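# Summary of the model geometry
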Amino acid sequence: MVRMPGAQWRPVVNVHPDGVRERRGLVLHVQDDTGSPYGWFDNPASQASSDFWVRRDGHVEQYCDTGTDYAWAQGAGNPYYASVETEGHPDTALTAAQVEAVAHIYAWGHSVFGWPLAVVDSTTEHGFTYHGVGGRAWGNHPGCPGALRRAQRPAVIARAAEILGGGAGGASVSLAHVVDAARRDPAAGQGHTTHRAEVLVVERALRAEGLLAAAWVDGSFGTRTVTAYAALQRRYGYSGAAADGIPGRDSLTRLGRAHGFEVTA
Ligand SMILES: [Zn+2]
């Protein structure tokens, strides 16, 4: 279950369970209407849904387990990108409250899935893209979300970076602390924590890499986390004793660069 804190959880029937293939980022849409689309998205006849909807006043509804199940928002792009519908019409800009709310969604996606803080006009690159760029394969909605809203994506990303500045995005992790935790937590029993806050930062990044189940993102560098870290090391090209699941400076620094944390001694 991957639900955003602060969003109103309103699950709908129009989702593909466990359909997500990659977590490349977020697609901006315009509703071209007003009022919650919940009823429409919960109606099998509509064949439509999205991960999120943002009301003009910034209220957020979430309709599916983002990053696991996919919504029916952008055709062939559904298994690769999450989606946000925004109340209003293509000829009006996002309100300030909507920019703020979408920035919070993006900042959350950055922390949980590693969505890069980047605007892309693309169906393959990782970042914040838009519906129309997908052409026919993405359902042929060239006017979604319209030039005005499309041009507000840099403001959303800039605000997301600010939001993250005080949180995970600006976190720093001590290599010595994380190594200490990886050596002590597994032997100390289930849920033992040594350097909880820093281990959580690393575990969230492993989760975003698809290597660690959410249940084990608990601040304890236990055997599951060691196994996940070893898989990361192999992904980075290490083998043998260099892929033993105990973080090294190079692998941890590389993970931090991808997920917005700094590594200190
Ligand atoms: Zn759209």
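The model shown is predicted, which means the values in this text are computed figures rather than measured ones.

### A few points about the pattern of salt bridges
- Going through the model one piece at a time under the given rule, you end up with 9 salt bridges.
- Glu-61 is the partner of Arg-10 in a salt bridge, and the nearest nitrogen-oxygen pair spans 3.2 Å. On the criterion of sequence distance, the pair formed by Arg-10 in the loop between β1 (8-9) and β2 (15-16) and Glu-61 in strand β5 (residues 60-62) is long-range, its members being 51 residues apart.
- Relative accessible area serves as the criterion here: at 3%, Glu-61 is assigned to the buried category.
- For Arg-235, the salt bridge is made with Glu-209, and the minimal N-O distance between the two is 2.9 Å. Of the two residues, Arg-235 is situated in helix α7 (residues 223-235) and Glu-209 in the loop between α6 (196-208) and α7; the sequence distance between them amounts to 26 residues.
- For Glu-209, a relative accessible area of 22% puts it in the partly exposed group.
- One network of salt bridges, in which partners are shared, links Glu-100, Arg-159 and Glu-162.

### Some words on the coordination of the zinc ion
- At the metal site, the zinc ion is ligated by His-29 (ND1), His-131 (ND1) and Cys-144 (SG), and these contacts range over 2.1 to 2.3 Å.
- Counting residues between consecutive donors of the zinc ion along the chain gives the motif H-x101-H-x12-C. Here His-29, found in the loop between β3 (25-28) and α1 (38-41), pairs with Cys-144, found in the loop between β8 (127-130) and α3 (147-150); they are 115 residues apart in sequence, far enough to count as distant.

### So, the environment of Glu-203
- Of note, Glu-203 is situated in helix α6.
- In sequence terms Glu-203 and Trp-216 are 13 residues apart; their C-alpha atoms lie 7.9 Å from each other.
- Excluding residues that lie within four positions of it along the chain, Glu-203 makes contacts with Leu-212, Trp-216, Val-217, Asp-218, Gly-219, Ser-220, Phe-221 and Thr-225.

### A look at the domain arrangement of the protein chain
- Split into domains, the protein chain comes out as domain 1 (8-165) and domain 2 (169-264).
- Of note, the centres of domain 1 and domain 2, computed from C-alpha atoms alone, are 30 Å apart.
- Listed by partner, the interface residues are 8 residues for domain 1 and 8 residues for domain 2.
- Taken over both partners, the interface formed by domain 1 and domain 2 buries close to 570 Å², and the fraction arising from carbon and sulfur atoms is 41%.
- At the boundary of domain 1 and domain 2, one finds 0 salt bridges.
- Between the two partners, domain 1 and domain 2, sit 0 residue pairs in polar contact (both at pLDDT 80 or more).
- Breaking the side of domain 1 that touches domain 2 down by element, the ones donating at least two residues are α2 (96-113) and α4 (153-165).
- Classifying every residue of the side of domain 1 that touches domain 2 gives 3 nonpolar, 4 polar and 1 charged.

Quick notes on the rules
Residues numbered from 1 in each chain as written. Predicted model: local features only at pLDDT ≥ 70, side-chain atom pairs only at ≥ 80, totals over all residues. Heavy atoms only, no water. Salt bridge = Lys/Arg side-chain N within 4 Å of Asp/Glu carboxyl O. Helix = DSSP H or I, 4+ residues; strand = E, 2+ residues; numbered from the N terminus. Buried < 20%, exposed > 50% of the residue type's maximum accessible area, 1.4 Å probe, protein only. Donors = N, O, S within 2.8 Å, 3.2 Å for Na, K, Ca; no water. Contact = heavy atoms within 4.5 Å. Domains from an automatic or database assignment. Buried area = accessible area lost by both parts, 1.4 Å probe. Polar contact = N/O pair within 3.5 Å; in protein donor to acceptor, adjacent residues only side chain to side chain. Nonpolar A, V, L, I, M, F, W, Y, C, P; charged D, E, K, R; others polar.

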